[in-house]
Amino acid sequence: MELTLEVVTVPVTDLDRSKKFYEEGCGFRLDVDQEVAPTVRIVQLTPPGSRCSIALMGGFPPAPGQQTMAPGALQGLQLCVTDLAAARAALVERSVDVSEIQHVGATGWETGPGGEWNSFVFFRDPDGNGWAIQEAPSPLSDR
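So, how was this worked out
Residues numbered from 1 in each chain as written. Predicted model: local features only at pLDDT ≥ 70, side-chain atom pairs only at ≥ 80, totals over all residues. Heavy atoms only, no water. Helix = DSSP H or I, 4+ residues; strand = E, 2+ residues; numbered from the N terminus. Buried < 20%, exposed > 50% of the residue type's maximum accessible area, 1.4 Å probe, protein only. Contact = heavy atoms within 4.5 Å. Salt bridge = Lys/Arg side-chain N within 4 Å of Asp/Glu carboxyl O. Pairing = 2+ DSSP bridges. Axes fitted to C-alpha atoms, helices over the stretch in contact; angles between N-to-C directions. Phe/Tyr/Trp six-rings, centres within 6.5 Å; stacked < 30°, edge-to-face > 60°.

**Q** Now, about the overall build of the chain: what can you tell me, with residues and values included?
**A** The helix and strand inventory of the chain stands at two helices and nine strands. Ordering the α and β elements of the chain from the N terminus gives β-α-β-β-β-β-α-β-β-β-β. Principal-axis analysis of the C-alpha atoms places the extent of the chain at approximately 50 × 40 × 25 Å. Looking at the 143 residues of the chain, the share that counts as buried comes to 40%. Pairs at least 24 residues apart make up 52% of the contacts formed inside the chain by residues separated by at least 6 positions.

In structure tokens form, the structure reads like this:
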């Protein structure tokens, strides 16, 4: 059996504000913006080059047996790029408040790039959902 992670739900308060942030600020591609039932809307976006999308949903009842996440509760979503400095510059150019490049060192998080797989930047969406971008040594298709 093959299980593929294809959609991650990101809890937000304002679908239009979040759609604009992810589409215009982060450069995600808009896949779906649809009202699926009266007062129930889904906005799905995909990071450039990714096979996994995010879903912003408004008005959805909790899925059977599932709890609802509060907007801003999702932390640690991680994207990977092969040129972290360029990715950071693109986010800054699009007015996203993104951290300096950091790595894990002897004293915890330290400023500047680290070794292979140890360079990151961090940002939050308008609701406070936390994202990391990690520098990978090669594209996913080559690993």
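Having seen the model, we can carry on.
**Q** An account of the pattern of salt bridges is requested, with residue identities and associated values reported.
**A** Evaluated as defined, the whole model comprises six salt bridges. Here Arg 29 and Asp 31 are joined by a salt bridge, their closest N and O atoms 2.8 Å apart. Across the salt bridge formed by Arg 41 and Asp 33, the nearest N and O atoms sit 2.8 Å from each other. Using a relative accessible area of 33% as the deciding quantity, one classes Asp 33 as partly exposed. Members of the salt-bridge network, linked through shared partners, are Asp 16, Lys 19, Asp 33 and Arg 41.

**Q** Which residues make up the pairing of strand S2 (residues 29–37), and what are the values?
**A** Relative to strand S3 (residues 40–46), S2 runs antiparallel, the two sharing seven bridges. Along S3, the bridge assignment pairs Asp 33 with Val 43. Count of turn residues in the S2/S3 antiparallel hairpin: two residues, of which Thr 39 carries a positive phi of about 65°.

**Q** How would you explain the sheet that holds S2 if you had to name every residue and give the values?
**A** With mixed pairing, four strands are arranged side by side in an open sheet as S1-S4-S3-S2. What marks the edges here is a single partner per strand, and that holds for strand S1 (7–9) and S2. On average, adjacent strands in this sheet sit at an angle of 25° to one another, irrespective of strand direction.

**Q** Please give an account of the packing of aromatic side chains that cites residues and values.
**A** The final tally for this structure, using the stated rule, is nine aromatic pairs. On the numbers, 5.1 Å between centres and 85° between planes, the contact of Trp 109 with Phe 122 is edge-to-face. Here Phe 122 lies in strand S8 (residues 120–124) and Trp 109 lies in strand S7 (residues 108–111), a separation of 13 residues in the sequence. Note on Phe 122: relative accessible area 27%, which makes it partly exposed.

**Q** Just give me the short version of unusual backbone geometry, but keep the residues and values in it.
**A** Phi is positive for Thr 39, which is not a glycine, with a value near 65°. Counting through the fold element by element, Thr 39 comes out in the loop between S2 and S3. Despite not being glycine, Ser 95 shows a phi value in the positive range, around 70°. Position of Ser 95 among the secondary structure elements: in the loop between helix H2 (84–93) and strand S6 (102–105). Overall, Ser 95 belongs to the exposed group, its relative accessible area being 68%.

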